[in-house]
Amino acid sequence: MLSYYLRLALHSLRRTPGLTCLMVGAIALGIAACIVTLTFYHAMSGNPIWWKNDVLYAVTMDSWDVNEPYDSQHPTLPPPEMSYKDATYLARSDIPRHKVIMTELAGMISGAPGQSVPMRVMTRATTHDFFAMFDVPFRYGGAWRGNDLDALPEIVLTREVNERLFGGSDSVGRSVLWNGNRFRVVGVLREWHPLPRFYDVTNGAFAPPEAMDQAFVPFSWVTALQAFPASDTSCDHAESVADYRRFLASDCIWIQMWVELPSVARRERFQAYMDAYWAAQRRAGRFPRPLNNRLTDVGQWLAVNGVVSSDSRILLRVAFAFLAVCLLNTVGILLTKFLRAAPLTGVRRALGASRRQVFLQHIVEVAVVSGAGGLLGLGLGALGLEGVRALYAQDNTYGMLAHFDPVGVVWALALAALSTLAAGLYPAWTIGRLPPAGYLKSR
Amino acid sequence: MLKMQDVSKVYRTDLIETHALRNFSLEVKSGQFVAVSGPSGSGKTTFLNVAGLLETFDTGTYQLDGKDVTRLSDDARSRLRNEKIGFIFQGFNLIPDLDIYDNVDVPLRYRRMKAAERHSRISKALDLVGLASRTKHMPSQLSGGQQQRVAIARAIAGDPALILADEPTGNLDSLMARQVMDLLEQINEMGTTIVLVTHDPELARRAQRNIHVVDGLVIDSAPYERRIAAEEAHAGTGGSAA
């Protein structure tokens, strides 16, 4: 019967081409608006390392001023970064399976074959667990080995940087000058741009590719080269950091720390380790604020740091409200159309169609309209995202987010199916309940 | 074939109640050709709708082909209507965007017949009404008489035991009307019971039995000639839509 209903639906839709276009157009516009906003929302709110959500933790301690919280809008939250002395102490623990301390540095690479001008690269100074902990994929080579405190001058390049410096060839073993110091390439990444950049939301969860990490060097080279972080360093009180030794000894925060704790027991042990360190430091006169040491998983980390802006949420609501308005219009048009054809339905009832069959016949017609609306909405959504990319051609952040991924397609189809139900149930049910006899005579 | 006993049907609005059928009792034997007449608003069409399971009734009992249909579900009523009853309407009621073949196909589709059997039945029905060569025509391309013949083909394609015809010649000229009546008689001779609502005394005269309905009551099922003579003596002639 389905093919028969489908044929009837096409007949019916052809009978009123104007109304059909209006309904398909309304659904398509509503779905397209939702797709565009959903794509952004999904990209912004997605957890790019969801499979490790319950084992990866951002480490934070409230080292801030007793009278003023780090974030006055969220006074219960500790600062998202740590001081050098706290981070390096906690990183000595062997409780975590992996542990990472890191910061972002500005770097210049030169000395590659055929390279005429130095290349500015955002560089992440980190410990070697970074790559295993965050499942970073390598195309060539791998992470540097050995002691984090006394690492060799070795560097890992992203695919894009390797492409520009070495034409994409296997550059492992080659040398480059990083900030004037010779570093040996030990690894080249595959395409890897986790969005949002969960491990360093302080320096921008949605930075464009050229502002994201383009090279990775061992953390020990921060101190060896007396490098300062690329972004601002936060200090809760005025401190003299005139020389590098004082900077390292200060309470200024500039280091992100993450640990991988594969079990509850390990998590509890590491929490106790942090708390014991906090208590010792407090006795020594530091940490004036109440105990607030936190291990925050990735999902919570993105939430507490407000990675998904309230604008995005509002926009999403507006888009769905728009879809609802489009669907309401469609319901009205469908109801009018079905009621206008009620005498024909009366004939079908007289010829033996049950209410259920009449309902199914009309729901198939709605499904055809919604399916067409969904497909058109998919196309319009893709166009909309293309338009966003064009509109923000100068800002690669939106360009990166405005990708039509499979999730978007699934959403479009799901929305089309839901639209079928939302727009079609009432009109189809109503037409099925009409008493046929009254309409037979009117024909 | 059709047995109604004390059937009542009341239409209610906030302000008024209209008794369309009052203790309506009628039995139509299998194979009969019955004409139902009566003044406009007398309840003829309500009777036809109740008989055709298009409307429910408030009190009484109704047996169709030996089956009590008083408390059937919509699904069961629809199935019974599809299998046992063929409808012919004054306005033909063909579906305008389906061709002749597909129009005749409609009741068979709801019976979930296989394509081959549907095709055989449609061909046979259209052949009987003389329109086998017009299967691809749209209703709008046919004359009124031809459209009614298509409607008859649609009514008989499912091989129903009972045909309910509501003023089937009301929109046709006398020649076409006669042809349609000829067809109905032919179908009746093949064993199908026919109940025909009509205002036309000539057509009613061709039925084996005449029923007269007034104010929702069967007041006379006497031979037509006697009734018509009485009516003419009383108030003259004239007809309006039922």
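Nothing here was measured: the structure is a model prediction, and the numbers come from that model. Note that residues are indexed from 1 along each chain, following the sequence as it is written. Chain A is the first chain written and ligand 1 is the first ligand written, with later ones labelled in order. Where totals are concerned, whole chains, interfaces and linings use all residues; where local detail is concerned, this predicted model gives features only for residues with pLDDT of at least 70, and gives and counts side-chain atom pairs only at 80 or more.

### Description of the overall build of chain A
Point 1. Where helices and strands are cited, they refer to DSSP runs of H or I of at least four residues and of E of at least two residues respectively, numbered from the N terminus. Scanning chain A from terminus to terminus reveals 15 helices and 10 strands.
Point 2. Here a residue counts as buried when 20 or more other C-beta atoms fall within 10 Å of its C-beta, as exposed when 12 or fewer do, and as partly exposed in between; the C-beta atoms come from the backbone. Buried positions account for 41% of the 443 residues belonging to chain A.
Point 3. Any pair of residues counts as being in contact when their C-beta atoms, constructed from backbone geometry, are within 7 Å of one another. Considering only residue pairs separated by 6 or more positions, chain A has 78% of its internal contacts joining residues 24 or more positions apart.

### What about the overall build of chain B?
Point 1. Helix and strand counts for chain B stand at eight helices and 10 strands.
Point 2. Within chain B, buried positions represent 47% of all 242 residues.
Point 3. Long-range contacts, defined as pairs at least 24 residues apart, comprise 71% of the intrachain contacts of chain B with a sequence gap of at least 6.

### A look at the interface of chain B and chain A
Point 1. On the side of chain A, 21 residues touch chain B, which itself brings 22 residues to the contact.
Point 2. Under this grouping Gly is polar, as are all residues other than the nonpolar Ala, Val, Leu, Ile, Met, Phe, Trp, Tyr, Cys and Pro and the charged Asp, Glu, Lys and Arg. Residue composition of the side of chain B that touches chain A, by class: eight nonpolar, seven polar and seven charged.

### Digging into the nonpolar core
Point 1. V34 and A153 of chain B are the most contacted members of the largest nonpolar core, which totals 106 residues.
Point 2. Looking at this core element by element, the count peaks at 13 residues for helix α2 (residues 17-45) of chain A.
Point 3. A153 of chain B has contacts with V104, A125, L126, L128, V129 and L131 of chain B, leaving out every residue within four places of it along the chain.
Point 4. Each nonpolar core comprises buried Ala, Val, Leu, Ile, Met, Phe, Trp, Tyr and Cys residues, the members being joined through C-beta atoms within 7 Å. By size, the runner-up hydrophobic cluster in this structure holds 65 residues, among which are I101, L157, F166 and V259 of chain A.

### Overview of the packing of helix α3 (residues 100-110) of chain B against helix α4 (residues 115-128) of chain B
Residue and element names in this part refer to chain B.
Point 1. Axes here refer to lines fitted to C-alpha atoms; in helices the fit is confined to the stretch in contact. Angles between the N-to-C directions go from 0 to 180 degrees. Their axes nearest at 10 Å, the elements α3 and α4 cross at an angle of 120 degrees. Here α3 is positioned oblique relative to α4, judged by the angle of their axes. Here α3 and α4 pass one another in a crossing that is right-handed. Residues I100, Y101, V104, D105 and L108 of α3 lie in contact with α4, whose contacting residues are R118, R121, I122, A125 and L126.
Point 2. Of the residues contributing to the contact of α3 with α4, the split by class is seven nonpolar, no polar and three charged. Oblique is the label for any angle not under 35 degrees, not over 145, and not in the 65 to 115 range, which are roughly parallel, roughly antiparallel and roughly perpendicular in turn. Note on convention: near helix rotated counterclockwise from far helix by under a right angle means a left-handed crossing. Clockwise means right-handed.

### Describing α3 of chain B
Point 1. The buried fraction of α3 of chain B is high, at 10 of 11 residues.
Point 2. Once α3 of chain B finishes, R112 of chain B follows within two positions and takes phi at roughly 55 degrees, a positive value.

### A word on unusual backbone geometry
All names here are of chain B.
Point 1. Residue D6 is not a glycine yet carries a positive backbone phi of 55 degrees.
Point 2. Structurally, D6 is set in strand β1 (residues 2-12).
Point 3. According to the C-beta neighbour criterion, D6 is partly exposed, with 14 such atoms within 10 Å.
Point 4. Here the phi dihedral of D215 falls at roughly 50 degrees; this positive angle occurs in a residue that is not glycine.

### Remarks on the sheet that holds β1 of chain B
Residue and element names in this part refer to chain B.
Point 1. Spatially, β2-β1-β4-β5 is the arrangement adopted by the four strands of the open sheet, whose pairing is antiparallel. Where the open sheet ends on each side, the last strands, each with one partner, are β2 (17-28) and β5 (67-68).
Point 2. Sheet topology places strand β4 (residues 59-64) next to β5; two bridges connect them, and they run antiparallel. Considered in β5, the bridge of L64 is made with K67.
Point 3. The strands touched by helix α1 (residues 44-51) are β1, β2 and β4; relative to β2, the strand with the most contacts, the crossing angle is about 60 degrees. Pairing between two strands is assigned when DSSP locates at least 2 bridges connecting them.

### Some points on the confidence of the model for chain A
Point 1. The predicted model of chain A has a mean per-residue pLDDT of 86, with 93% of residues at 70 or higher.
Point 2. Values of pLDDT, the confidence the predictor places in each residue, fall between 0 and 100. Across chain A, element-level confidence peaks in strand β9 (residues 256-260) of chain A with a mean pLDDT of 97 and bottoms out in helix α13 (residues 396-401) of chain A with 57.

### Here we look at the packing of helix α5 (residues 144-157) of chain B against helix α6 (residues 174-189) of chain B
Residues and elements named next belong to chain B.
Point 1. At a minimum axis separation of 10 Å, α5 and α6 run at an interaxial angle of 15 degrees. One way to sum up the angle between α5 and α6 is to call them roughly parallel. The handedness of the crossing between α5 and α6 is right-handed. Touching G144, G145, Q148, R149, I152 and I156 of α5 are M176, Q179, V180, L183 and I187, all from α6.

### A look at the environment of F270 of chain A
All names here are of chain A.
Point 1. Locating F270 in the fold gives a position in helix α8 (residues 264-283).
Point 2. The spacing of F270 and S93 is 177 residues in sequence and 8.0 Å in space, taken between C-alpha atoms.
Point 3. If near-sequence neighbours (up to four positions away) are discounted, F270 is found in contact with S93, I95, P96, V259, L261 and L295.

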